[in-house]
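# Secondary and tertiary structure notes
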Amino acid sequence: MKRLVYIIIGAIILSVPTSSISDEEQQVKSIIGNESLLLSDSDLESAKKKALEGDAESAFRVYVHYALGKFDKVSSFVWLQIAANKGHNRAQNNLGCIYMEEGIFKNLRLSRFWLKEAEKNGSKYATGWLKKLEELESKLK
């Protein structure tokens, strides 16, 4: 049931048009050469299908396509959640960081949850991020 909810939410969010790319994003694109992060239309559709069938790595690849290739925060967030829910430790780590630092997504409880999941699943970065989270929480008390 939880999977169906994510699929429906993702489909709704993905149907919403995104705004044009800012000058700053365009500069970042030219610096990092994000064309290599983009999937072709057929590869994107194939990766989405595999992801929705349970392939965490495909979900993470779709996330990268939208996050670093297209600079589409909404679509990338949806696919990052899908990858994290499927046990992808880098996705769990990234999601924990987003929940720790990103404005409207900020939720320290969810940040802790995802960083602990990432750590449990072998992320080499999660422990450091959990320490940063503890420091942040101590400043808020």
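Since the model is a prediction, treat every value here as computed from it, not as a measurement.

### Looking at unusual backbone geometry
- Positive phi values are uncommon outside glycine, yet Phe71 reaches one of about 55°.
- By secondary structure assignment, the location of Phe71 is in the loop between α4 (56-69) and α5 (73-85).
- Residue Phe71 is classed as buried on the basis of its relative accessible area of 19%.

### Thoughts on the packing of aromatic side chains
- Evaluation of the coordinates by the stated rule reveals 4 aromatic pairs.
- On the numbers, 5.3 Å between centres and 50° between planes, the contact of Phe60 with Tyr63 is tilted. In this pair, Phe60 and Tyr63 both sit in helix α4, 3 residues apart, roughly one turn of the helix.
- Classification of Phe60 as buried rests on a relative accessible area of 8%.
- A relative accessible area of 13% places Tyr63 in the buried class.
- Centroid distance Phe77 to Phe105: 4.0 Å. Interplanar angle 25°. Geometry classified as stacked.

Thresholds, definitions, all that
Residues numbered from 1 in each chain as written. Predicted model: local features only at pLDDT ≥ 70, side-chain atom pairs only at ≥ 80, totals over all residues. Heavy atoms only, no water. Helix = DSSP H or I, 4+ residues; strand = E, 2+ residues; numbered from the N terminus. Buried < 20%, exposed > 50% of the residue type's maximum accessible area, 1.4 Å probe, protein only. Phe/Tyr/Trp six-rings, centres within 6.5 Å; stacked < 30°, edge-to-face > 60°.

Interpretation note: all reported values are geometric properties and have no functional meaning in isolation.
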